[in-house]
Amino acid sequence: MSTAEGVLIQISRADFFAIAYAAWGLLFVVAAGATLIDDGFGIPVVLNAAGGLLGFGIAGYYHFRPESMDNGTDPAPQAWFEVAGIMIALGVLTTVVGPVLFVAFPNAGILS
């Protein structure tokens, strides 16, 4: 794994995981809100909200207790930022290109 010297943003490993879990929690809270607006209150809203709160709780735990993980106070390696960037790019690509493909080719797929 590469070292942390070349990273533009220097954060600890624990804070890197805290940011990742906070983003995960935010994704679930947004999904809960969208489901609440679209379908009303139900089990999916409760489960998504619980998943979001779990993500926020884990993020807070890692942020306030970095010693709870191995080498939690060491700087995060550059490879972690690269992998996170690839994951974010693939998520955006899926979110943007997926609906366009379903509109362009409505009869192509496993549901047709």
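Further up the page is the structure itself.
Residues numbered from 1 in each chain as written. Predicted model: local features only at pLDDT ≥ 70, side-chain atom pairs only at ≥ 80, totals over all residues. Heavy atoms only, no water.

Caption draft 1: The arrangement of the packing of aromatic side chains in detail. By the definition in use, this model includes nine aromatic pairs. Measuring from ring centre to ring centre gives 6.4 Å for F16 and F17, while their planes differ by 85°; the resulting arrangement is edge-to-face. According to the relative accessible area criterion, F16 is buried, its value standing at 16%. Ring centres of W24 and F28 lie 5.1 Å apart, and the angle between their planes is 70°; this geometry places the pair in the edge-to-face category. Remark: F28 and W24 occur in helix α1 (residues 13-39); sequence separation between them is four residues, near one turn of the helix. The partly exposed category is assigned to F28, whose relative accessible area is 25%. Three or more aromatic residues link up through ring pairs in this structure, and these residues are F16, F17, Y21, W24, F28, Y61, Y62, W80 and F81. (Phe/Tyr/Trp six-rings, centres within 6.5 Å; stacked < 30°, edge-to-face > 60°. Buried < 20%, exposed > 50% of the residue type's maximum accessible area, 1.4 Å probe, protein only. Helix = DSSP H or I, 4+ residues; strand = E, 2+ residues; numbered from the N terminus.)

Caption draft 2: Structural context of the pattern of salt bridges. In this structure the tally under the stated criterion is one salt bridge. Note that R65 and E67 form a salt bridge whose closest N and O atoms lie 3.6 Å from each other. (Salt bridge = Lys/Arg side-chain N within 4 Å of Asp/Glu carboxyl O.)

Caption draft 3: Main features of α1. Look at α1: 39 Å from first C-alpha to last across 27 residues, which is about the 39 Å you get at 1.5 Å a residue. Those residues of α1 that sit buried are R13, A14, F16, A18, G25, A32 and T35. On its buried face, α1 is in contact with α2 (43-64) and α3 (78-104). Just downstream of α1 lies G40, where phi reads positive at about 85°. (Expected span 1.5 Å × (residues − 1). Contact = heavy atoms within 4.5 Å.)

Caption draft 4: Representation of a nonpolar patch on the surface in the model. A contiguous nonpolar surface patch, about 850 Å² in accessible area, is contributed by I86, I88, L90, V92, L93, V96, V97, L101 and F105. Tracing the chain through its elements places V96 in helix α3. (Patch = residues over 30% accessible without salt bridge, like charges linked within 9 Å, V, L, I, M, F, W, Y side chains within 5 Å. Areas by Shrake-Rupley, 256 points an atom, 1.4 Å probe, with all protein chains shown as cover.)

Caption draft 5: A look at unusual backbone geometry. Phi is positive for N71, close to 55°, though the residue is something other than glycine. Structurally, the position occupied by N71 is in the loop between α2 and α3. Assessed through its relative accessible area of 46%, N71 is described here as partly exposed.

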